[in-house]
Amino acid sequence: METGAADGIAEYRKMLEDGNPAELFEARGEALWKQRRGPKNASLEQCDLGKGPGVVKGAWVEMPRHFADTGRVQDLESRLLTCMETLQGFNAAEIAKTPFGRGEQSNVTALATWIAGSSRGMKFNLPQAH
């Protein structure tokens with residue numbers, strides 16, 4: 001391996017010692033949750049992930065689950081798209097077609113990372129009623 005490449009890898013490893021890169025996505029996701037965005041200029045704070053509007057703690061370990069308002073079983077990402085469309089006015093179908101890591105799809109990833117992180121340490125408890 002070239003010295004320059006080895007130095008670059010060593011520098012990257014040193015940066016990772018300070019924390020997990022996922023923490024950056026989590027911080028961004030939390031900010032996006034609270035930020036008023038989209039055509040309706042609204043936040044996602046009233047989004048119901050299955051535990052009541054705005055409740056994120058423990059939501060991820062109970063997904064996928066059935067949601068009465070859509071009549072479908074949804075995972076976290078599809079539920080976020082529903083909330084982004086109904087609360088904020090985004091076009092969920094267009095976001096779903098966007099390649100991973102681009103545009104609003106990048107925001108969905110950050111939101112999902114933060115919501116999943118809010119359930120850290122909890123055991124999965126998938127609803128079996130529907």
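Above this note sits the structure.
Heads up: these notes are all about the structure in this document. Within each chain, residue numbers correspond to sequence positions counted from 1 in written order. At least 70 in pLDDT is required for a residue's local features to be given in this predicted model, at least 80 for side-chain atom pairs to be given and counted, and no such filter applies to totals for whole chains, interfaces and linings, which use all residues. Excluded from the side-chain calculation are hydrogens and water; included are all heavy atoms of the structure.

Among soluble globular proteins, nonpolar side chains are generally buried collectively. With 23 residues, the main nonpolar core has Trp-33, Leu-49, Leu-80, Met-84 and Ile-115 as its most contacted residues. The numbering of helices and of strands both runs from the N terminus, where a helix is a DSSP run of H or I of at least 4 residues and a strand a run of E of at least 2. Elements with a contribution of two residues or more to this core: helix H2 (22–34), helix H3 (76–88), helix H4 (92–97) and helix H5 (103–117). Take this core: its biggest share by element is 6 residues, from H5. Here, residues are in contact when the closest pair of their heavy atoms is within 4.5 Å. Every residue in contact with Ile-115, bar those within four places of it in the chain, is listed here: Trp-33, Leu-49, Val-56, Trp-60, Leu-76 and Leu-80. Only buried residues count toward a nonpolar core, which is a set of Ala, Val, Leu, Ile, Met, Phe, Trp, Tyr and Cys residues joined through side-chain atoms within 4.5 Å. Only protein chains enter the accessibility calculation, which uses a 1.4 Å probe; a residue is then buried when its area is under 20% of its type maximum, exposed when over 50%, and partly exposed in between.

As a further point, take the state of the cysteines. When two cysteine sulfur atoms are found within 2.5 Å, that pair is recorded as a disulfide. Taken as a whole, this structure holds 1 disulfide when the rule is applied. One disulfide in the model links Cys-47 with Cys-83; its S-S distance is 2.1 Å. Between Cys-47 and Cys-83 the disulfide shows an S-S torsion of about 75°. By sign, it is right-handed. Highlighted residues: Cys-47 in the loop between H2 and strand S1 (65–67) and Cys-83 in helix H3, separated in sequence by 36 residues. A relative accessible area of 3% places Cys-83 in the buried class.

The rule for a salt bridge is simple: a side-chain nitrogen of Lys or Arg has to be within 4 Å of a carboxyl oxygen of Asp or Glu. Throughout the structure, instances matching the rule amount to 7 salt bridges. Across the pair Arg-37 and Glu-104 runs a salt bridge whose closest N-O atoms are separated by 2.5 Å. With Arg-37 in the loop between H2 and S1 and Glu-104 in helix H5, this pair connects stretches of sequence that are 67 residues apart. The class for Arg-37 is buried, based on a relative accessible area of 13%. The partner of Arg-65 in a salt bridge is Glu-62, with the nearest N and O atoms 3.1 Å apart. For Glu-62, a relative accessible area of 13% translates into the label buried. Here the salt bridges do not stand alone but share partners, grouping Lys-51, Glu-62 and Arg-65 into one network.

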